[in-house]
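# Per-entry structural report
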Amino acid sequence: MKISRRRMFPIYFLAVLVLFLTGGFTGHNTQDNAKGPSFTDPLQTQSMPEVWIRQPIKYEKSEGDADLVLSLDQHLYDALQPLIQEYGKKHKLRIVVNEGTCGITSGALVNKTVDIGGFCCPPDKTDRLPGLRFHTLGIDAKALLVHPANPVDNISIGQARQIFRGEIRRWSELTTSNGGKGPNLLIQPVTRLHCKLRPGHWRLLLDNEDMFDPGIQDVGAIPDMISQVALNPGAIGYEVLWNTIRYKDKGKVKAIRINGYSPYEAEHLISLRYPLYRVYNLATWEGKGVENPRAKGLVEYLLQHVENLDKAHNIIPASRLRKAGWKFKGNELTGEPDAHLSR
Amino acid sequence: MNIRTECRNRYYRIPLTFKLTAISVITGIVLWVVLDYVQSRRIKDIFLAQLTERLGHQAMEDRLRFDRYVKVYQHLARLSIIQKNFSDYIESRKWHEGNIAGVAYYDHPPPWFPSRSMLHTLASPGYALLIDSRGNVREAYQSYKETLPQPLLHPPGLLIEKSSGQSYLITFNSAPFLVTSAPYADSHQNLLATLMLATPIDEKFLNASIGGSTNRGVAALLTPGENPRVLTSSNLTAIPEGTPLDVLKDGYLMTGKEFFDYGSSELVVRFASFISMTEVNSLTRTLITKERRERAISAIVFITAFAAVTFWITQRIQRVTRRVADFSQHTLGLQQQEIQKGDQLHILEERFQHLTEEVVRSREIIKKQAEEQAREEEAKIIQAKLIHANKMTSLGTLVSGVAHEINNPNSFIMSNAQLFNDIWEDIFQVLNEHYKKNGDFPIGDMKFSEIQSLVPRLLNTITKGTERIKNIVDSLKNFARADTGNLDEKVDVNKVVENAIFFLNAEIKKFTNNFHVTCSLPKGSLVAA
């Protein structure tokens, strides 16, 4: 039996509609099970011995007679220094700021040697120590980075996941902006699988290390991520945009769009049309023996002035996220907006 | 002769080839010293820059190797718990039933842990601990002689959680450690045990992480802060623990102070790579020595070539000197001194100067002679002109005198001729009466009838003759008159031409009988001079 084209049209239309509604074109929903958790439950806290709970904050000897001691991850260290110094000068406080990582900050909080800790990830259960409160400063797009000579400048989040899983192996399997094929080059995914226990960050791409292709090149430091992508024409990695500026001496890289949305445009991240991001939190102590009113004052000041940060840091303030329906508990960002609000 | 002149003479006595060769050698030596300083420094700088860049790459490679090695431990833990002998061993234990009798120690790999050959391929942890579900260490394998650190003997729950599934870097008693753990659960997901691997991040660890090659330089962990110190290094003999970074700056080239950004590590350290400056200096020295040797060969070749060219030029100069001497002697007839030995260029200069002076002198003589001759000729012309002028003056005077002398009698003749004409007219009346009455009669030898027409003609001829004499005398007077006019008045050109012809008439007639002049200007017209 021969069916005319006109009769087949409704079938095609329905098929296309179904595909569209199920995300078949974007590769979005079919890949969502690959995405790790964005946040942890703020009610889950790490149980600690009573001795530890009673232990007061005690600075390291090297901090001397500091009024306040902070341990911040590398990005917050760069971003917040001007505001912290301004606050210190205004209130005549001697504030010591140590540069570190989420792990170092977590270690300093466990050891109770700092008043404020700065994280570039949402807290894990192991970070939620008794007496510790988290305050979200904002979020920042995590950009997919490629070699600047790579003509591919847009991929879907599904394709990104396939690349890092090793299911897409050559750039020629992808298309360029003018509709042509990508270069006939082997794709070399470069990863920095840091903060494995914490939610968000790279886990928004693939939940855990075992989901990544064994052929990935995993690096331990941010400059190595930039240099590895800059050196290899087939490489793809990820980093926040600030680090491409901070480590520009390590090489030139290009941030590509995801699902057609640029990591440089805040509104796409707020609406989650751009799906990868990092969360910046400050943690302070509350309770007898550990609370420092000066720390509380500084955190409030930073939360109020986060909009004044240098635009190069690309940090979208928490206040904008609240307006867009992102979920907060107190000052802590605890969830993405509901789907109907975000897209 | 003063000392200066003596020195100069001595200097000129030295041959040019020798002098130029000596100058080029001295210049070469000075250049050598300057270039040696500048180039050696530049080579060192370039070499150091390249080495620093290479060291940067090496540091990055070291870091990547270190990262990979750190992760090997977490994979070793995960691999260990999926081995059959591990699961068999754990499941055969009845730890939950009895009290803790104490920790069982092994100094050889226990049955629940991979064999040494496998560890050799993967990683060699200092300690492997079997922890029961309540967090108590039950069994421990240690390849290190050092006692198990207290936090490992009684690991806090937070440490077990934080090290689960990842390599966690932590400090125990100021010593950096790597800790990783892998939980083992039964088929119902009940936790039975946890395998925890721990190893100190020490010289052995760093050596193994960067590949153990001795010529790769030294990898080290540094404490953070303003005055970093070495926490540990891959070569403690070269860079011992606790060495301040400032002390190492002179002896080592250092790069790559980067964080371990695992995000799971609380170890506040920076990773750095060092290359001994002794090695750098040795390499630089070898390069500079090579460069010096090449420069020396180049200099010798250059000086030899320069000396050869100088010699050839001096030979040409000598030839030119001889030619100048020959020219002076044979063409100009100058007496030349014998050609001396010494600075060929100076000799040529002297010869040429001598020749130039001679030429200048000769030119001056010739010029003077020419001027003298010109003066003499001019004097002669002036004299001739003076004579001529004198002659003309005398002639004028003479002509004036003669004209005066002629004019007087001519005036008598003219006036007398007029008078006689009047007389004749009166006499003629009388004679004619007489003739009419008496007929013809003789007067002198002629008859009155003949005389009566002849006498007026004669008198007319006399009058015309005297007028002509007067005109000639007037013309002569005009010609001889010294006229100092400015020639700014109008002239009757026709008159001038007529006068000239009048004077020259006799001369013209000598040459032609057919001389005619036609004046185109109207008679009496005046033309501006």
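The preceding data block contains the structure.
Going along each chain's sequence as written, the residues are numbered from 1 onward. Working convention: letters from A go to chains and numbers from 1 go to ligands, in the order in which they are written. Restriction of local features to residues with pLDDT of at least 70 applies here, the model being predicted, together with a cutoff of 80 or more for giving and counting side-chain atom pairs; totals for whole chains, interfaces and linings are based on all residues.

## Concerning the overall build of chain B
Heads up, the rule is: A run of H or I in DSSP counts as a helix once it spans at least four residues, and a run of E counts as a strand once it spans at least two, with each numbered from the N terminus. With C-beta atoms placed from the backbone, a residue is labelled by how many other C-beta atoms lie within 10 Å of its own: buried for 20 or more, exposed for 12 or fewer, partly exposed between the two. We call two residues in contact if the C-beta atoms placed from their backbones are at most 7 Å apart.
Along the backbone of chain B there are 12 helices and 14 strands. Among the 529 residues that make up chain B, the fraction classed as buried is 21%. When contacts within chain B are restricted to residue pairs at least 6 apart in sequence, long-range pairs at least 24 apart make up 64% of them.

## Quick word on the interface of chain B and chain A
At the junction of the two partners, chain B supplies 21 residues and chain A supplies 27 residues. Elements represented by at least two residues in the side of chain B that touches chain A include exactly helix H2 (16-81), helix H6 (157-162) and strand E9 (252-259) of chain B. With 5 residues, the single largest contributor to the side of chain B that touches chain A is H2(B).

## Considerations on unusual backbone geometry
All names here are of chain A. With a phi close to 40°, His-201 is a non-glycine residue in the positive phi region. Summarising the element assignment, His-201 is placed in the loop between strand E6 (188-191) and strand E7 (217-218). A positive phi is found at Asn-314, a non-glycine position, where the angle reads about 60°. Along the chain, Asn-314 falls in the loop between helix H9 (293-305) and strand E11 (316-317).

## A closer look at the environment of B:Asn432
All names here are of chain B. Mapped onto the fold, Asn-432 is located in helix H10 (residues 344-438). Residue class for Asn-432 comes out exposed when judged on the 12 C-beta atoms lying within 10 Å of it. Separated by 20 residues in the primary sequence, Asn-432 and Gln-452 place their C-alpha atoms 8.3 Å from one another.

## Here we look at the nonpolar core
Formally: By our criterion, buried Ala, Val, Leu, Ile, Met, Phe, Trp, Tyr and Cys residues that link up through C-beta atoms within 7 Å make up a nonpolar core.
In this structure, A:Leu145, A:Val229, B:Leu129, B:Leu195, B:Ala220 and B:Phe274 are the most contacted members of the largest nonpolar core, which totals 145 residues. A:Val229 has contacts with A:Leu145, A:Val146, A:His147, A:Val190, A:Ala235, A:Gly237 and A:Val253, leaving out every residue within four places of it along the chain.

## What about the pairing of strand E4 (residues 132-146) of chain A?
All names here are of chain A. Condition: Two strands qualify as a pair provided DSSP detects at least 2 bridges between them.
Counting buried positions along E4 gives 13 out of 15 residues, so the element sits mostly inside the fold. Alignment of E4 against strand E10 (residues 277-285), held across 9 bridges, turns out to be antiparallel. Bridge pairing links His-135 to Leu-282 in E10. Where E4 meets E11, 2 bridges bridge the pair, whose relative direction is antiparallel. Opposite Ile-139, over in E11, you have Ile-316 as the bridge partner. Sheet analysis places E4 next to strand E8 (residues 235-240), joined by 5 bridges and oriented antiparallel. Residue Val-146 lies in a different strand from E8, and its bridge partner there is Ile-236. Bridge analysis of E4 against strand E9 (residues 254-258) gives 3 bridges, and the strand direction is antiparallel. Pairing of Val-146 across the sheet is with Lys-254, part of E9.

## Notes on the packing of H2(B) against helix H9 (residues 277-331) of chain B
All names here are of chain B. Note the threshold: With axes taken as lines fitted to C-alpha atoms, and helix axes fitted only over the stretch in contact, angles between N-to-C directions fall between 0 and 180 degrees. Oblique is the label for every angle not falling under 35 degrees (roughly parallel), over 145 degrees (roughly antiparallel), or within 65 to 115 degrees (roughly perpendicular). Each crossing gets its hand from how the near helix is turned against the far one by less than a right angle, where anticlockwise is left-handed and clockwise is right-handed. Charged means Asp, Glu, Lys or Arg here, nonpolar means Ala, Val, Leu, Ile, Met, Phe, Trp, Tyr, Cys or Pro, and polar covers whatever is left, Gly included.
Between H2 and H9, the least distance of the axes is 9 Å, while the angle of their chain directions is 155°. If you check the angle between H2 and H9, you find them roughly antiparallel. Remark: the crossing between H2 and H9 carries right-handed chirality. Across the contact of H2 with H9, the residue classes tally to 17 nonpolar, 9 polar and 5 charged.

Purely geometric stuff here, so don't read any function into it on its own.
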